[in-house]
Amino acid sequence: MATKGKIVLFAFWLLSSTAHSFYLPGVAPRDFQRGDPLYVKVNKLSSTKTQLPYDHYYLDYCKPDKIVNNAENLGEVLRGDRIENSVYTFEMREDQPCKVVCRKKLNAESAKKFKEKIDDEYRVNMILDNLPVAVLRQRRDGSQSTTYEHGFRVGFKGNYAGSKEEKYFINNHLSFRVMFHRDTETDATRIVGFEVTPNSINHEYKEWDEKNPQIATCNKDTKYLTQGSTVPQEVDVGKEVVFTYDVTFKVFAFPFIFLSSFSNGSSYSQFFGVCRTGWTTGFQLNGLLVLVYRLTYGLLQESDIKWASRWDTYLLMNDDQIHWFSIVNSLMIVLFLSGMIAVIMMRTLYRDISNYNQLETQDEAQEETGWKLVHADVFRAPINYGLLCVYVGTGVQIFSMTLVTMIFALLGFLSPSNRGGLMTAMVLLWVFMGIFAGYSSARLYKMFKGTEWKRNTLETAFMFPSILFVVFFVLNGLIWGEQSSGAVPFGTMLALVFLWFGISVPLVFVGSYFGFKRPTIEDPVKTNKIPKQIPEQPWYMKPIFSILIGGILPFGAVFIELFFILTSIWLNQFYYIFGFLFIVFIILIITCAEITIVLCYFQLCSEDYNWWWRSYLTAGSSALFLFVYSIFYFFTKLEITKLVSGILYFGYMVIISYAFFVLTGTVGFYACFWFVRKIYSSVKID
C-alpha cells in the first residue's frame, strides 16, 4: 500500500507541476551576435472591453515602406492575429538612447479612431523573437516577483490642472528593454525578455527635417530620455504627433512606483523606474503630479534568465492556491459520489441480485418490486433513437478531440510560443476524430435495429457541425461589419468547409462502415412486444427535477477552474495550467458517470425504464449551469458595453455550452449503458 501511495502521489505531483513548469517552447532558439539586426513585428490591437481585435495599422501609426504579412496558421487567423513588419528595428546589444520614427498630422478620421480606441482601452501588441511585448506590473499578493501585462495601452484620458475638460493623450514614446542571455564561450546571445514602458510626450522642435529630425525633447546624442518641461501628447484634429522610441539591452535593478487614477472614473496605470539620477519634475494632470524620469546607463548587467525559462514570467500564476482548492473541492465531490456508488453496488445491488436469483416460483417473482420488474422493457428502443445515436457519436468525437488535445498540451507541444497552435490542433483533431463519431453512432444504431444507416451517418456528419457553422457564420458577419481583423477571411472559410466536407464527412462514413460491419450488441434480457405501464412517479423522480439535480455536481466539480478558462479567453490572458485542467477533466468524467449511475438506479427502482435519454440529459444538464455561470461572469467580471461585443460573447458561450452538453451527456449515457447491462446480466431471467 505504501508503494502504491507513493506512485499515486508522484503521478499527481507530475500532472500539477506540468501545469506551469515544463513545456517545449515550440521553436528552436536563435543565436544573435553583437550588432545583428532585430526586427520588431506588430500584432493586433486588442481590448477586453470590446473583444474585437483590429489590425495594427488600422490606426495612423508609422508604417514601413512595404507592409509584409507573416505566414499565419489556421489558429492565428481564427484568433484574429495579424502579424506584420514594423518600423521598429534594433541592433543586438547596441543601446539606442532616443530615435525618431516619424511625424504624423492627425486628420478628423485618424483622431476619431485614436479616441475611440483609447475609450475602449485598446492595447498594442508587438513581438520580438516570438516573445510578446509586456509591461511590468506588481503581483496581487504584494510579493517582490513581477508579472507581465500583455501589450501597452494606445493612450489614456485625463484633465490638465485647473481644467475640467477631458482630453485624450497618446503613448507616442516607447522605452523598450530587451533582456538577453549570453554564452560566455561563443559570445552568442539569446533574447529572453521583451518589455516596454509607454510614455506620452509632446515633442518639441524648431524646424522639421525629414532626413535628420532634431527634437529638443528627444536628443539622440544625449542619454536623457526627456527634458523636465515635458507635457503629454494630446490627440485632436490638426495635432502633430512625433513617434519616438529608445531601447536598452540590459536589466535594471530598480523598484517600481505605481501611479494611477483620474477623476473621470477610468484609470490609467503606468510604471516609472526610479533611476539613480533621481526624478525630474513633470506636469500636473488632474491634480496628480506625474514625474518624468531620466534614463541612465550605469551598473548594467546581463539577464540571468535562460532561454528555456523565458516564458515563465508570462505564465506565472497569481492564484496557485485557488487551483489546489479547486482540485480538493472536486475530489470531495468524487469521494462522496464514489461512496454512494459503493453502497449501491456492494450492498443494495448485491442483496437485490441474491434475492432475485433465489426466487423459486413465478408468484414470488411477481410479488417483488424494484428494478428487476422492468427487465422486459429496460432495453426497449427509446423514441427518436436515431437522434440519440447522432448525439452519442458526436460526443465521442468531442471527447476524443479533448483528450488528445490535453495530452499534447501536457507534453508541451501546444506552448503559447507556438502561436495559434492550440486552436489549430483542436480543429484538425476534430476533423480526424470523425471516424470515431461514425463508428460509435453506427454501433448504437445497429443495436436499436435501425434500417436507415445512410441517413444516420449523414446526420452524424452534419448535425453538430452545421449548428456550429451557422452560429459562427452569423458572428463572423457581425465582426466583419465592425471592420475588425477578427473576421475570418473568405479563403479561410473555404478551407474550413473543405476540412469538413473533404476530410471529416468521409471519415464519418468510414467509421460508420466499420461500425455496421461489427456484430450487433445483444441485449442481456429479452424485450416484450407490449410495453409495461409506468406507475405514477413521486415529484422528486420527475424527469425535469432529476435531470437538473444531476447537472449540479458535475458543474460544481469544474466551476472554479472554469473561472480561469473564461479569464484566459475573455481577458486576454495566457492559459497554460494544463496539468490542473487535465486533473479536473478526469474528475469531471468520473463525476458525470457516477451521478448518472446513481440517478439511473433510483429511476429503475421506481419502475421507470425510460432511461436512455434521461441518462444523456442528466449529465448534459451541467451545460445549462455553465451557461448561467457565463451570464454571471459577464455582468460581474467583464466591462463589455457594446451590443455587438455582447452578442459575440453570448454567441461563443452558446457554442461552448452546447459542446459541453454533448460531451458530458455522452459520458453519462455510456456510464448508465454499462451499468444497466451489468446489473441485468447478473440476474436469472426466465
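What counts, and where the lines are drawn
Residues numbered from 1 in each chain as written. Predicted model: local features only at pLDDT ≥ 70, side-chain atom pairs only at ≥ 80, totals over all residues. Heavy atoms only, no water. Helix = DSSP H or I, 4+ residues; strand = E, 2+ residues; numbered from the N terminus. Buried < 20%, exposed > 50% of the residue type's maximum accessible area, 1.4 Å probe, protein only. Phe/Tyr/Trp six-rings, centres within 6.5 Å; stacked < 30°, edge-to-face > 60°. Lys NZ or Arg CZ within 6 Å of the ring centre and 35° of its normal. Disulfide = S-S within 2.5 Å. Expected span 1.5 Å × (residues − 1). Contact = heavy atoms within 4.5 Å. Polar contact = N/O pair within 3.5 Å; in protein donor to acceptor, adjacent residues only side chain to side chain. pLDDT = per-residue confidence, 0-100. Patch = residues over 30% accessible without salt bridge, like charges linked within 9 Å, V, L, I, M, F, W, Y side chains within 5 Å. Areas by Shrake-Rupley, 256 points an atom, 1.4 Å probe, with all protein chains shown as cover. Salt bridge = Lys/Arg side-chain N within 4 Å of Asp/Glu carboxyl O. Core = buried A, V, L, I, M, F, W, Y, C linked by side-chain atoms within 4.5 Å. Axes fitted to C-alpha atoms, helices over the stretch in contact; angles between N-to-C directions. Parallel < 35°, antiparallel > 145°, perpendicular 65-115°, else oblique. Nonpolar A, V, L, I, M, F, W, Y, C, P; charged D, E, K, R; others polar. Arc of directions from axis to C-beta. Pairing = 2+ DSSP bridges.

### Some points on the overall build of the protein
Stage number 1. When helices and strands are tallied, the protein shows 16 helices and 17 strands.
Stage number 2. Relative to its 686 residues, the protein shows a buried fraction of 51%.

### So, the packing of aromatic side chains
Stage number 1. If you walk through the whole model with that rule in mind, you get 56 aromatic pairs.
Stage number 2. Where W500 meets F501, the ring centres are 4.8 Å apart and the plane angle is 45 degrees; that geometry is what we call tilted.
Stage number 3. Using a relative accessible area of 42% as the deciding quantity, one classes F501 as partly exposed.
Stage number 4. Both rings, one in Y513 and one in F514, keep their centres 5.5 Å apart while their planes meet at 75 degrees; by these two values the pair is edge-to-face.
Stage number 5. What makes Y513 partly exposed here is its relative accessible area of 49%.
Stage number 6. Taken together, the ring pairs connect Y385, Y445, F448, W453, F516, W611, W612, F669, Y670 and F673 into an aromatic cluster.
Stage number 7. The ring centre of Y54 lies 4.3 Å from the NZ or CZ of K117, which sits over that ring.

### Let's talk about the state of the cysteines
Stage number 1. Applying the stated criterion to the full structure yields 1 disulfide.
Stage number 2. Disulfide partner of C62: C102, at an S-S distance of 1.7 Å. Taking the torsion about the S-S bond as the criterion, the C62 to C102 disulfide, at about -75 degrees, is left-handed. Here the residue C62 occupies a position in the loop between β1 (37-46) and α2 (74-79), and C102 occupies one in strand β3 (residues 96-105), the gap between them amounting to 40 residues.

### Some remarks on helix α16 (residues 643-680)
Stage number 1. Spanning 38 residues, α16 covers 54 Å between terminal C-alpha atoms, matching the ideal 56 Å at 1.5 Å per step.
Stage number 2. By the criterion of burial, α16 is predominantly enclosed, with 27 of the 38 residues buried.

### A look at the environment of S621
Stage number 1. On the secondary structure map, S621 appears in the loop between α14 (612-620) and α15 (622-637).
Stage number 2. Sequence-wise, S621 and F660 are 39 residues apart; in three dimensions their C-alpha atoms are separated by 9.3 Å.
Stage number 3. Sequence-distant contacts of S621, that is, excluding residues within four places in its chain, are made with I547, L548, G550 and G551.
Stage number 4. A distance of 2.7 Å separates a polar side-chain atom of S621 from the backbone oxygen of I547.

### A few points about unusual backbone geometry
Stage number 1. The residue K449 is not glycine, and still its phi comes out positive at about 65 degrees.
Stage number 2. The exposure class assigned to K449 is exposed, which follows from its relative accessible area of 65%.
Stage number 3. Of note in this structure, Q483 is not a glycine but carries a positive phi near 60 degrees.
Stage number 4. Taking relative accessible area as the criterion, Q483 reaches 57% and is therefore assigned exposed.

### Some thoughts on the confidence of the model for the protein
Stage number 1. The share of residues in the protein with pLDDT of 70 or more is 79%, and the mean pLDDT across the chain is 79.
Stage number 2. Note on residues 1-26: pLDDT under 50 across the span, and 44 contacts to partners over four residues away in sequence or across chains.
Stage number 3. Contacts for the low-pLDDT stretch residues 251-301, under 50 throughout, to residues beyond four places or in other chains number 125 contacts.

### Quick look at a nonpolar patch on the surface
Stage number 1. Taken together, the side chains of W539, Y540, F545, I549 and I552 make up a nonpolar region of the molecular surface, amounting to roughly 520 Å² of accessible area.
Stage number 2. Within the secondary structure, W539 sits in the loop between α11 (490-517) and α12 (543-570).

### Quick notes on the nonpolar core
Stage number 1. By size, the foremost hydrophobic cluster in this structure holds 156 residues, and its most contacted members are F90, M126, F176, F194, L604, V676 and Y680.
Stage number 2. Among the elements that line this core, the one with the most residues is helix α13 (residues 578-605), at 19 residues.
Stage number 3. If you look at the next biggest cluster of nonpolar residues, it comprises 6 residues, including C98, V100, W208 and I215.

### Examining the pattern of salt bridges
Stage number 1. The tally for this structure, following the rule as stated, stands at 22 salt bridges.
Stage number 2. The shortest N-O distance in the salt bridge between K157 and D119 comes to 2.9 Å. Here D119 lies in helix α3 (residues 108-119) and K157 lies in strand β9 (residues 155-158), a separation of 38 residues in the sequence.
Stage number 3. With relative accessibility at 17%, the residue K157 sits in the buried group.

### Section: the packing of α12 against α14
Stage number 1. At a closest axis distance of 6 Å, the pairing of α12 and α14 adopts a crossing angle of 40 degrees. One way to sum up the angle between α12 and α14 is to call them oblique. Listed contacts from α14 to P543, S546, I547, G550 and G551 of α12 are R614, L617 and T618.
Stage number 2. Of the residues that constitute the contact of α12 with α14, the class distribution is 3 nonpolar, 4 polar and 1 charged.

### Overview of the environment of I587
Stage number 1. Inspection of the secondary structure assignment puts I587 in helix α13.
Stage number 2. The spatial distance from the C-alpha of I587 to the C-alpha of I327 is 8.7 Å, given a sequence separation of 260 residues.
Stage number 3. When neighbours within four sequence positions are excluded, I587 is seen to be in contact with I327, S330, L331, V334 and A557.

### Considerations on the environment of P37
Stage number 1. Following the sequence through the fold, P37 ends up in strand β1.
Stage number 2. C-alpha separation for the pair P37 and F90, spaced 53 residues apart in sequence, amounts to 5.8 Å.

### Re α3
Stage number 1. Between its first and last C-alpha, α3 extends 16 Å over 12 residues, near the 16 Å set by a 1.5 Å rise per residue.
Stage number 2. Buried residues of α3: S110, A111, K113, F114, K117 and I118, and no others. Here the buried residues of α3 occupy an arc of 160 degrees about the axis, which is enough to place them on one side. When the buried face of α3 is taken as reference, the exposed residues oriented beyond 90 degrees from it are E109 and K112.
Stage number 3. Of the surrounding secondary structure, the elements contacted by the buried residues of α3 are β9 and β10 (167-170).
Stage number 4. For α3, the side-chain oxygen to backbone nitrogen distance between the N-cap and E109 is 3.2 Å, and the N-cap itself is N107.
Stage number 5. Immediately beyond the C-terminal end of α3, within one or two residues, lies E121, with a positive phi of roughly 55 degrees.

### Here we look at the pairing of strand β11 (residues 173-182)
Stage number 1. Burial within β11 is extensive, with 8 of its 10 residues counted as buried.
Stage number 2. Counting the residues between successive antiparallel strands, the hairpin from β11 to strand β12 (residues 189-199) contains 6 residues, one of them, D187, with a positive phi of roughly 65 degrees.
Stage number 3. Relative to strand β13 (residues 240-248), β11 is paired through 5 bridges, and the arrangement is parallel. Residue F176 lies in a different strand from β13, and its bridge partner there is V247.

### Looking at the packing of α12 against α13
Axes are the key here: two packed helices are described by the angle between their axes and the distance separating the axes.
Stage number 1. In the contact formed by α12 and α13, the axes pass within 9 Å of each other and the chain directions differ by 175 degrees. What the angle tells us is that α12 and α13 run roughly antiparallel. Taking contact as the criterion, the partners of S546, G550, L553, P554, A557, V558, E561 and I565 in α12 are, on α13, F580, L581, V584, I587, L588, T591, C592, I595 and L599.
Stage number 2. Split by residue class, the contact of α12 with α13 holds 13 nonpolar, 3 polar and 1 charged.

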